[in-house]
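Chain by chain, the residues:
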Amino acid sequence: MTADRDDERYDDILRKIADARPFGNRRRELLPQTPHDRALDRINAFDALAPLARAEYRGALCYGPKSLRGPAWSGAVVWYHHKGYHCYQSLVLLGVWAHYDQDRILLSIAERRLPYRAPVYDASVYRVAIQNNFRLYYDDAGGPPGAEDRLLNQCPFEETQRLAYRQALQEIVAGWRRRLDAI
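Residues numbered from 1 in each chain as written. Predicted model: local features only at pLDDT ≥ 70, side-chain atom pairs only at ≥ 80, totals over all residues. Heavy atoms only, no water.

Q: Teacher, can you tell me more about the sheet that holds strand β2 (residues 73-82) here?
A: Adjacent strands of a sheet pair through backbone hydrogen bonds, lying either parallel or antiparallel. Strand order in the open sheet formed by five strands is β1-β2-β3-β4-β5, with antiparallel pairing between adjacent strands. Since the sheet does not close on itself, it has two edges, and those belong to β1 (60-70) and β5 (150-156), each with one partner. Taken pair by pair, the neighbouring strands of this sheet meet at an average axis angle of 15 degrees, ignoring direction. Relative to strand β4 (residues 104-115), strand β3 (residues 90-101) runs antiparallel, the two sharing 12 bridges. If you follow Leu 93 over to β4, its bridge partner there is Arg 112. Along the sheet, helix α2 (residues 35-42) contacts β1, β2, β3 and β4; its crossing angle with β3, the most-contacted strand, is approximately 115 degrees. (Pairing = 2+ DSSP bridges. Helix = DSSP H or I, 4+ residues; strand = E, 2+ residues; numbered from the N terminus. Axes fitted to C-alpha atoms, helices over the stretch in contact; angles between N-to-C directions. Contact = heavy atoms within 4.5 Å.)

Shown next as structure tokens:
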């Protein structure tokens, strides 16, 4: 009987450890997937962008990827800026967004240039904070591209064409990688 109680107690401790949140962090709540999230998952957008941020570039610092979400859109983005002290003034988002156009979901692949918006610049704090998020310094939610952004591809999402979308995304990512290598 003692062994059974010990096993139960051990299982209870393991369950509490698994349910506990990491020190200093809020428990991450999983949001239900939207149709936009599913479209991005089907074309493997997040994983397609990940190699960009893992690579080393001679003239640029690249971060991400990050999944973003708004009321009527979802996106997967990486962001970069050129190396150098004053290069923080402009940040480029490279991303894939799924958003509505009337009653259908559009996939947009684009580059968005964001100007620095914070009142002051502290290089040491910026260097650490920009690795996880760009919103604090660039005051942008990372939404879908607008008229002033560089649109590289846009098409309505159709489940039957997802492999063609994946291929197009891979080609665009390869082009971004070549451009970042050339900076």
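Q: I would appreciate a short explanation of the pattern of salt bridges in the present structure.
A: Two side chains bearing opposite charge may form a pair once their charged atoms approach each other closely. Summed over all chains, the structure comprises eight salt bridges. For Arg 104, the salt bridge is made with Asp 101, and the minimal N-O distance between the two is 3.2 Å. A salt bridge links Glu 159 to Arg 162; its shortest N-O distance comes to 3.6 Å. Through salt bridges with shared partners, one network takes in Arg 42, Glu 159 and Arg 162. (Salt bridge = Lys/Arg side-chain N within 4 Å of Asp/Glu carboxyl O.)

Q: Please clarify how the nonpolar core should be interpreted in this entry.
A: One broad trend across soluble globular proteins is that nonpolar side chains are buried collectively. Counting 30 residues, the largest nonpolar core has Ile 43 and Leu 52 as the members making the most contacts within it. Of all elements in the fold, only α2, α3 (45-54), β1, β2, β3, β4 and α6 (162-182) reach the threshold of two or more residues within this core. If you tally residues by element for this core, the top one is α6, at six residues. Apart from the residues lying within four places of it in its own chain, the contact partners of Leu 52 are Tyr 57, Cys 62, Val 78, Leu 94, Val 173, Trp 176, Arg 177 and Leu 180. Listed in part, the 18 residues of the second largest apolar core include Val 77, Trp 97, Leu 114 and Ala 118. (Core = buried A, V, L, I, M, F, W, Y, C linked by side-chain atoms within 4.5 Å. Buried < 20%, exposed > 50% of the residue type's maximum accessible area, 1.4 Å probe, protein only.)

Q: Which parts of the structure should I look at to understand the environment of Tyr 121?
A: Residue position: Tyr 121 is located in the loop between β4 and α4 (123-129). Residue classification places Tyr 121 among the partly exposed residues on the basis of a relative accessible area of 21%. For the pair Tyr 121 and Gln 89, spaced 32 residues apart in sequence, the C-alpha separation works out to 9.5 Å. With residues up to four places along the chain from it excluded, the contact list for Tyr 121 reads Tyr 85, Tyr 88, Tyr 116 and Tyr 126.

Q: What is the right way to look at empty space enclosed by the protein in this model?
A: One way to see where empty space is left: roll a probe the size of a water molecule over the atoms. Taken as a whole and assessed by the stated rule, the structure comprises one cavity of 30 Å³ or more. Of the pockets and cavities examined, the largest cavity occupies roughly 50 Å³. Lining the largest cavity are Ile 43, Leu 107, Ile 109, Asn 153, Cys 155, Tyr 165, Ala 168 and Leu 169. If you list the elements that add at least two residues to the lining of the largest cavity, you get β4, β5 and α6. At three residues, α6 tops the list of elements feeding residues into the lining of the largest cavity. Classifying every residue of the lining of the largest cavity by side-chain character gives seven nonpolar, one polar and no charged. (1 Å grid on protein atoms, 1.4 Å probe; cavity = no way out; pocket = protein on both sides within 12 Å on 5 of 7 lines; lining within 4 Å. Points joined across faces, edges and corners; volume = space filled by probe spheres on them. Nonpolar A, V, L, I, M, F, W, Y, C, P; charged D, E, K, R; others polar.)

These results come straight from atomic positions and should not be treated as a statement about function.
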